[in-house]
Amino acid sequence: MENETTKKKLKAKLFENIDNSKIITLPLIIQKQILQILYEEEIKTDDFTKDNKIKNYFFVNWNWFKNSQILFNHFIPHVYSENINNKNYLIFLKKYFNNSNNNNNNNNNNNNNNNNNNNNNNNNNNNNNNNKFKLVHNDLIKTIIIDFFDINNKSINYMNNLKSLETVNVRCLYAYEYSFTNSIWVLTYLNKLNNKDLIINFKLNLGRFDPYEPTNLEHIEKEEFKFKTNEFEVEYDIEDDDTTYGFVYEMIKELNPKYLKIKSDRSTGLGASHLQQYHSISKLNQNYEIVEIINDYIPLKALYRFLQSPNLHTLKFDLQFHFLSSIYDNQIKNNIDCSFSVQEEEYSFKEIPPYSMSLWNQCLKLLSTNSTITNLLITHNSGGLNDEYDCNENFLYNENFFNDFMNSLANNKTIKTLILNFNNPYYDIEMKNILLINKSIASMLNQNTTLESIYIFLISGFKEISNLTKNTKCKITTIIK
């Protein structure tokens, strides 16, 4: 809040006590602060093609140009690409960047086409003058974006010449002919980076570009990665016999990230995709600080391992509430009313693994006693691939399940922000469970003295939880979808 107030005060100085007959020059330090605020507000690094106001800041005066050049290289990642096809990126590169490949090509053309020293000198002088006014300066670049399959000796040499480089973001920039399946050891090229303090982060979309008949890469020997990775994000499509993502586990194991984000591509016409490696991935839990599993459920074995992560402070994941409820029902009447997706590979769609209740109880205990997690988001997931969620219209969540679940949250002493997304696609089913949901959450809030904020997502109207609980410390937000 103080930071926002400071920004407003600095911006206000532009308009204070202005006499139309005078030109007021602010101290350079204030100009720099104002310019930095403008950059922080205008620039969004995930939207490189946005035509924003930043280009206007370069033309105020020479001081603004030099400061803008520094800020531009600080906030805007430089895009390295050998064969990019995206038109929007090309337009962006032409507008703002002295692109690395263009530099190489220009140098080659100069060497090939200039036939005498005078011409070479003239061209070099012209290039120096032109470079003086380039927005991107190689000595100032802090962040570079590179496609996974552009990692090679050429790109490594280029990055080694960037004196201020701090972060390399590996992305999927365009469609290509290779597959990720046998390509993980391409990353060993990154061991050749001179600066061993560089952070190499990953944001990969695996399903969208996976070719039908991929071209094989050159054979690269397995080698331990000697670089640091903070963030690993991956988005995937349907996993089937032709497309498997077992290598995702191998990448996470070798990269050992602090921030892990795994997202299912639910746009596919075949239904939500499901990754089969969560249990194995959850065992690599020693370094995780943030784990986000988006649009996909995790099995209880994975939840058990994630809750044991010693450094984890933020956990977001999906559970199948109908599966958990069926565990309780199965113990009472040996009757399962609802299908659920495969929790473990060795069991069928309607079969509850015999250890499920014991494992769920262990998860509840860990959730209750966890001392590191401060931000928790749990979303109900109605199923994955091959699951049509065929619960009958009379399906009710087991009351003991909800009570146990909420009691574990009530006893936790570190969670400050809790998000519960019930996300039920069937209005009738949700309405049949609404009283139980209200009662259980209200009871949890009455017992919990640590929570500061709770967000509850439902698709149907229901009585405000705040009217049912005595808890006045926790800010309660209910969102009807």
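Our subject is the structure listed above.
Summary of the structure given here.

Another point: the overall build of the chain. The number of helices and strands found in the chain is 14 helices and twelve strands. By residue count, 49% of the 481 residues in the chain fall in the buried class. In the chain, the share of contacts with a sequence separation of at least 24, taken over all contacts with a separation of at least 6, comes to 73%. Entry remark: accessible area of the chain is about 24,800 Å², with carbon and sulfur atoms responsible for 44%.

Given 3.6 residues per helical turn, the α-helix brings residues three or four places apart onto the same face. For helix 7 (residues 153-160), every residue scored as buried is listed here: Ser155, Ile156, Tyr158 and Met159. Each buried residue of helix 7 lies within a common arc of 160° when the element is viewed along its axis, so the set occupies one face. With a side-chain oxygen lying 3.1 Å from the backbone nitrogen of Lys154, the N-terminal cap of helix 7 falls on Asn152.

Let us look at the nonpolar core. In this structure, Trp360 and Ile441 are the most contacted members of the largest nonpolar core, which totals 114 residues. Top contributing element to this core by residue count: helix 12 (residues 356-369), with seven residues.

This part takes up the pattern of salt bridges. If the charged atoms of two oppositely charged side chains come close together, the side chains can form a pair. Overall, the coordinates contain four salt bridges when judged by the stated rule. One salt bridge in this structure joins Lys316 and Glu292, with 3.8 Å as the shortest N-O distance. Here Lys316 is found in strand 8 (residues 314-319), whereas its partner Glu292 is found in strand 7 (residues 290-297), with 24 residues between them in sequence. Close ionic contact of Glu399 with Lys439 constitutes a salt bridge, the shortest N to O distance being 3.4 Å.

Quick look at the pairing of strand 7 now. Pairing of strand 6 (residues 259-264) with strand 7, which is carried by five bridges, proceeds in the parallel orientation. Residue pairing across strands places Lys263 opposite Ile294, the latter belonging to strand 7. The pairing of strand 7 with strand 8 spans four bridges and is classified as parallel. Bridged to Glu292 within strand 8 is Lys316. Assessed by its sense of winding, the connection that carries the chain from strand 7 through helix 10 (residues 300-306) to strand 8 is right-handed.

Ring pairs (aromatic) are described by centroid distance and by the angle formed between their planes. Under the definition given, this model contains 19 aromatic pairs. Geometrically, the ring pair formed by Phe321 and Phe402 is edge-to-face, given 6.3 Å between the ring centres and 70° between the ring planes. Of the two residues, Phe321 sits in helix 11 (residues 321-333) while Phe402 sits in helix 13 (residues 399-411), which places them 81 residues apart along the sequence. Like Phe402, Phe321 is buried. Geometrically, the ring pair formed by Trp360 and Phe401 is tilted, given 6.0 Å between the ring centres and 45° between the ring planes. Of this pair, Trp360 sits in helix 12 while Phe401 sits in helix 13, and the two are 41 residues apart along the sequence. Like Trp360, the residue Phe401 is buried in the burial classification. Every member of this aromatic cluster is reached through a ring pair, and the members are Phe321, Tyr328, Trp360, Tyr397, Phe401, Phe402, Phe405 and Phe422.

Before going further, it helps to spend a moment on the sheet that holds strand 5 (residues 231-236). Reading across from one edge, 1-2-3-4-5-6-7-8-9-10-11-12 is the order of the twelve strands in this open sheet, with parallel pairing throughout. Sheet topology places strand 1 (78-80) and strand 12 (475-480) at the edges, where each strand pairs with a single neighbour. With direction set aside, neighbouring strand axes in the sheet form an average angle of 15°. With five bridges connecting them, strand 3 (residues 167-171) and strand 4 (residues 199-205) associate as parallel partners. Residue pairing for strand 4: Val168 is matched across the bridge by Ile200.

Turning next to helix 3 (residues 62-75). Between the first and last C-alpha of helix 3 there are 20 Å, a value that for 14 residues agrees with the 20 Å anticipated at 1.5 Å per step. Between the side-chain oxygen at the start of helix 3 and the backbone nitrogen of Asn63 there is a gap of 3.1 Å, and the oxygen is on Asn61.

Before going further, it helps to spend a moment on the packing of helix 12 against helix 13. The description of two helices packed together rests on the angle between their axes and the distance between the axes. Running from N to C, helix 12 and helix 13 point in directions that differ by 25°, and their axes come no closer than 7 Å. Judged by the inter-axis angle, helix 12 sits roughly parallel to helix 13. Residues Trp360, Leu364, Leu367 and Ser368 of helix 12 touch helix 13, and the partners they reach there are Phe401, Asp404, Phe405, Ser408, Leu409 and Asn411. Grouping the amino acids of the contact of helix 12 with helix 13 by side-chain chemistry returns six nonpolar, three polar and one charged.

Inspection of the secondary structure puts Asp404 in helix 13. In this structure Asp404 comes out as partly exposed when scored by relative accessible area, which is 29%. As a C-alpha pair, Asp404 and Lys365 span 39 residues in sequence and 9.9 Å in three-dimensional space. In contact with Asp404, other than residues within four places in its own chain, are Tyr328 and Leu364.

Calculation rules
- Residues numbered from 1 in each chain as written.
- Predicted model: local features only at pLDDT ≥ 70, side-chain atom pairs only at ≥ 80, totals over all residues.
- Heavy atoms only, no water.
- Helix = DSSP H or I, 4+ residues; strand = E, 2+ residues; numbered from the N terminus.
- Buried < 20%, exposed > 50% of the residue type's maximum accessible area, 1.4 Å probe, protein only.
- Contact = heavy atoms within 4.5 Å.
- Areas by Shrake-Rupley, 256 points an atom, 1.4 Å probe, with all protein chains shown as cover.
- Arc of directions from axis to C-beta.
- Polar contact = N/O pair within 3.5 Å; in protein donor to acceptor, adjacent residues only side chain to side chain.
- Core = buried A, V, L, I, M, F, W, Y, C linked by side-chain atoms within 4.5 Å.
- Salt bridge = Lys/Arg side-chain N within 4 Å of Asp/Glu carboxyl O.
- Pairing = 2+ DSSP bridges.
- Right-handed = clockwise from strand over helix to strand, strands pointing away.
- Phe/Tyr/Trp six-rings, centres within 6.5 Å; stacked < 30°, edge-to-face > 60°.
- Axes fitted to C-alpha atoms, helices over the stretch in contact; angles between N-to-C directions.
- Expected span 1.5 Å × (residues − 1).
- Parallel < 35°, antiparallel > 145°, perpendicular 65-115°, else oblique.
- Nonpolar A, V, L, I, M, F, W, Y, C, P; charged D, E, K, R; others polar.

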